Number of protein chains: 2
Amino acid sequence: MALQLPISNQKRVVIIGCGFGGLELARTLSGKGFQIVLFDKNNYHTFQPLLYQVATAGLEADSIAYPIRKIFRDNKDVFFRWAEVQHINTTEQKINTSIGECNYDFLVIATGTTTNFFNNNAIAENAMPMKTVVEALNLRSLILQNLEKATLAENEEERKALMTYAIVGGGPTGVELAGALCELKKHVLPNDYPELDFTHMEVLLIESGGEVLQNLCKENQAKAIRYLTDLGASVLLNTRVASYDGSVINTADEKIIRTYSLIWAAGVKGNEINGFDATTLTPGRRYLVNESCQINGFENIFAIGDIACICTETFPKGHPQVAPVAIQQGTLVAENILALTEKKGLKKFAYNDKGSMATVGRNRAVVETGKIKFGGFFGWFAWMAVHLMQLVGFRNRIVVFINWVWNYINYDRNIRLIIRPFEKKNQA
Amino acid sequence: MALQLPISNQKRVVIIGCGFGGLELARTLSGKGFQIVLFDKNNYHTFQPLLYQVATAGLEADSIAYPIRKIFRDNKDVFFRWAEVQHINTTEQKINTSIGECNYDFLVIATGTTTNFFNNNAIAENAMPMKTVVEALNLRSLILQNLEKATLAENEEERKALMTYAIVGGGPTGVELAGALCELKKHVLPNDYPELDFTHMEVLLIESGGEVLQNLCKENQAKAIRYLTDLGASVLLNTRVASYDGSVINTADEKIIRTYSLIWAAGVKGNEINGFDATTLTPGRRYLVNESCQINGFENIFAIGDIACICTETFPKGHPQVAPVAIQQGTLVAENILALTEKKGLKKFAYNDKGSMATVGRNRAVVETGKIKFGGFFGWFAWMAVHLMQLVGFRNRIVVFINWVWNYINYDRNIRLIIRPFEKKNQA
């Protein structure tokens, strides 16, 4: 059954996914004479860079999510549909979704990535991913539930395992999450749980490579590790997790770590949609696109953001999977769709890299932009300002700002609520 | 297995439930020489009067919930345990909980109430209750999901049923929820769903008796109904819901109402705990207590708040089940437990009724305090001030205040997110 949409003689642009890329594209293309149909499996846009603060009780989930219909309430040419896209039929130029079929003249895939467990089923079943709002809320519950259980533990070994938090993956997510957990340990939890000895709480950051924050320079990588160890985290480099059964981690070099909380931030893979042949996809499930973001072999099908892969000389394995790339590709594809309808030449993607940053905690961050590098309080302040500006919605910015000021002044993280207790079977 | 608690020669007071009554009691009794053990099935205190704003996307759930451990972080004699209490053994003076046994010297039951479907299983299965944070979040999801479905409806009748919201029960919850839904209809939803015709959205308030807001005077009852109808709600008095199958309401007088959203706010019953004989309970499952709040036949077992029933001349069926009664009984029982240990006489409960209030929406509320009655803008302002003052936690007050100011200026309700889509089987 075909989806009901207004009949129009405008060309229809179907966008799948309302992350940073899809959002930017729809905004840029609106008002340019197209019927834009936007699909997402959530009715909200998620500000992923702050998910770790939701997981560690610093922010409400609702402050970093924003209703998509509200974003486009004044764009009468943008039609949002809350649905999962199941299949793309490139021959008939239509997509199949959970709520019906939809034809397209132009199609843009902006579905982003999901957690990659690299086919290790035991880890996939027992570790916590943190790529969605629901996963971050589940993690917040698990962190608190394990502390409640620790107050009841029958022996010391069990109590320590309940108070051990292992994070796998030394990218920004892993580093920021480890820092936030250390701050909870230092400033918040000991008062909440006077019955527990918090010298037993361990925060481990496990990285299979030899460095954390690969996108940053050596100096800042070392600074991030120093910040983390100062805060009380243990950073295990060159350590690969081989298996995890829900209570015991075995590493490739035969270390054994007992923990009931393993957070997996060690890799992502594309949220691919059926309908293309295997040669279209990289091993990381990204769509191979040309420099105009067209999927190889199709003039009217594009992929942008984390799920797109342009192999260039500078980036032989594709651009970094970060928000600025997605946003810039969103703008580019809006221009290219316009160019196609006007029979003009297409533009090529040239990444304007404004830099990288990561925060480890209170007054501690590392920032690089061009040749400028800084850290400490100013880095941390810059990190906050940049993230605050990028949040969608003025109300969200105010609420996040107040929470940050509150947390800073009071050394607090207020949202430590177990609203829906986490149960393994619910893990998405 | 007995729960681990510090060994102490202080008398142990066990409090079950951390609502308004249990919270007040623990606060008052702390520092008076007891070991206080507080059980709750949630790790947070819920500010129930604002649940309806969570359900209608006006407030984050996290702003009206407050972590219990944080409330008592400076009270070293208060021990919180996150657990469900299953049984009370009055002979051995101990309780059985989901995490183990616990002895008591004094026991206070402050478990409040749950939704009463009056043994109508069809209604219980298909209607939405709204007594907990999770239920309010489920309701928020359902309200939005049904609108998303309405955009896909195949015929007019189906679309209208998806856009009809029936609330059963004309108490403060029903009235406030109906008002909030009308405001969503008027100010927020039409922009979100340009494809829907909101003249088809119906908000029905169904009350089996002849009046709404029973605790208020006739004049204010009439005013509340006028406010509601002005906002576009239909108020059906003397109408009893006989059955509901998930899509069709049948009333006792044979009306048929098609709706996919029936919110049940028509009654409550006590959250009783096994261990007492049937004569201890009223038909509404409240514990019969004497004027000192002792359960009949026990010197050291008390019940307070919504679950307690003192039959007096003024209140032959017990006091109204509202926060001020619970709070005042919490204070009283703290004094009485102290009196028992000091072998002094017990105090009797004398309800200091400060009045009643309900808000219907923007600039519309009814307030009664003593002989003073007022409404309109001042009533609405008073309602906000009183609720803001009663919220636990300064951060929560700031966040709620900002949300209210934002919503007032922008005619907005920001939190319209379907974070965990509601499915019938999950209904608690």
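Data block above holds the structure.
Since the model is a prediction, treat every value here as computed from it, not as a measurement.

**Q** Before we go on, may I ask you to explain the overall build of chain A in this structure?
**A** Scanning chain A for helices and strands turns up 11 helices and 24 strands. Its C-alpha radius of gyration of 22 Å places chain A within 12% of the 22 Å reference for a compact globule of 428 residues. Projected onto the principal axes, the alpha-carbon positions of chain A cover approximately 70 × 50 × 45 Å. Expressed as a percentage of the 428 residues in chain A, the buried residues total 50%.

**Q** Explain the pairing of strand E1 (residues 11-16) of chain B here, please?
**A** On a regular strand, each side chain points to the face opposite its neighbour's, so the side chains alternate between the two faces of the sheet. Residues and elements named next belong to chain B. Pairing between E1 and strand E2 (residues 34-40): 6 bridges, direction parallel. Residue pairing in the sheet places Ile15 in a bridge with Leu38 of E2. Handedness of the crossover is the feature at issue here: the chain leaves E1, passes through helix H1 (residues 20-29), returns alongside E2, and the resulting connection is right-handed. Alignment of E1 against strand E9 (residues 106-109), held across 4 bridges, turns out to be parallel. Bridged to Val13 within E9 is Phe106.

**Q** Can you walk me through the interface of chain A and chain B in this structure?
**A** The figure often quoted for interface size is the accessible area lost as the parts come together. Listed as interface residues are 35 residues of chain A and, on the opposing side, 35 residues of chain B. Tallying contributions element by element places helix H11 (residues 394-410) of chain A first for the side of chain A that touches chain B, with 5 residues. The class makeup of the residues in the side of chain A that touches chain B is 20 nonpolar, 4 polar and 11 charged.

**Q** How should helix H10 (residues 376-390) of chain A be read in this particular structure?
**A** Structural remark: α-helix, 3.6 residues per turn; residues separated by three or four positions point the same way. All names here are of chain A. For H10, with 15 residues, the first-to-last C-alpha span of 21 Å sits near the 21 Å given by 1.5 Å per residue. Among the residues making up H10, those that are buried are Gly379, Trp380 and Trp383. In an axial view of H10, the angular spread of the buried residues amounts to 100°, which keeps them on one side of the axis. Every exposed residue of H10 that faces more than 90 degrees away from the buried side is listed here: Phe377, Phe378, Ala385 and Met389. Considering only its buried residues, H10 is in contact with strand E22 (356-361), strand E23 (364-369) and strand E24 (372-375).

**Q** Help me understand the sheet that holds E9(B) in this model?
**A** Whether parallel or antiparallel, the strands of a sheet pair through hydrogen bonds between backbone atoms. Residues and elements named next belong to chain B. Pairing in this open sheet of 5 strands is parallel, and the strands run E5-E2-E1-E9-E20 from one edge to the other. This sheet does not close on itself; its edge strands, each paired only once, are strand E5 (78-82) and strand E20 (301-303). Each strand axis lies, on average, 20° off the axis of its neighbour in the sheet, ignoring direction. Alignment of E2 against E5, held across 5 bridges, turns out to be parallel.

**Q** I tried to follow the packing of helix H7 (residues 172-192) of chain B against helix H8 (residues 218-231) of chain B on my own but got confused; where do I start?
**A** A packed helix pair is summarised by two numbers, namely the angle formed by the two axes and the spacing between the axes. Residues and elements named next belong to chain B. One can describe the packing of H7 onto H8 by two numbers: an axis separation of 9 Å at closest approach and a directional angle of 25°. With respect to H8, the axis of H7 lies roughly parallel. Where H7 crosses over H8, the two elements pack in a sense that is left-handed. On H8, the residues touching Val175, Ala178, Gly179, Cys182, Glu183 and Lys186 of H7 are Ala224, Tyr227, Leu228 and Leu231. Along the lines of polarity and charge, the residues of the contact of H7 with H8 split into 7 nonpolar, 1 polar and 2 charged.

**Q** Looking at this structure, how should I read the environment of B:Gly284?
**A** Residues and elements named next belong to chain B. Positionally, Gly284 belongs in the loop between strand E18 (268-270) and strand E19 (287-288). The exposure class of Gly284 is partly exposed, given the 17 C-beta atoms found within 10 Å. With residues near it in sequence (within four places) discarded, Gly284 still touches Lys269 and Gly270.

**Q** When you look at the relation of the copies chain A and chain B in this model, what are you seeing that I'm missing?
**A** The operation relating the pair of chain copies consists of a rotation about an axis and a translation along that axis. Screw-axis analysis of chain A against chain B gives a translation of 0.0 Å along the axis, an RMSD of 0.0 Å, and a rotation angle of 180°. As the rotation angle and translation indicate, the two copies are arranged about a two-fold axis. In terms of C-alpha distance to the rotation axis, chain A has A:Val399 as its closest residue, with the C-alpha 3.3 Å off the axis. The fraction of interface residues of chain A whose copies in chain B are also interface residues reaches 100%, indicating that both copies meet through the same surface.

**Q** How do you make sense of H8(B) when you look at a structure like this?
**A** Residues and elements named next belong to chain B. For H8, which comprises 14 residues, the first-to-last C-alpha distance of 20 Å matches the rise-based estimate of 20 Å (1.5 Å per residue) to within 8%. Along H8, the positions that sit buried rather than exposed are Asn220, Gln221, Lys223, Ala224, Ile225, Tyr227, Leu228 and Leu231. One or two residues past the end of H8 sits Gly232, with phi positive at roughly 105°.

**Q** Honestly, the environment of B:Tyr193 in this entry has me stumped. Any pointers?
**A** Of note, B:Tyr193 is situated in the loop between H7 and strand E12 (202-206). Along the chain, B:Tyr193 and B:Val14 lie 179 residues apart, while their C-alpha atoms are 51 Å from each other.

The rules behind these values
Residues numbered from 1 in each chain as written. Chains lettered and ligands numbered in written order. Predicted model: local features only at pLDDT ≥ 70, side-chain atom pairs only at ≥ 80, totals over all residues. Helix = DSSP H or I, 4+ residues; strand = E, 2+ residues; numbered from the N terminus. Rg over C-alpha atoms; globule rule 2.2 N^0.38 Å. Buried ≥ 20, exposed ≤ 12 C-beta atoms within 10 Å, placed from the backbone. Pairing = 2+ DSSP bridges. Right-handed = clockwise from strand over helix to strand, strands pointing away. Contact = placed C-beta atoms within 7 Å. Nonpolar A, V, L, I, M, F, W, Y, C, P; charged D, E, K, R; others polar. Expected span 1.5 Å × (residues − 1). Arc of directions from axis to C-beta. Axes fitted to C-alpha atoms, helices over the stretch in contact; angles between N-to-C directions. Parallel < 35°, antiparallel > 145°, perpendicular 65-115°, else oblique. Left-handed = near helix turned anticlockwise from the far one by under 90°. Least-squares fit on C-alpha atoms with pLDDT ≥ 70 in both.

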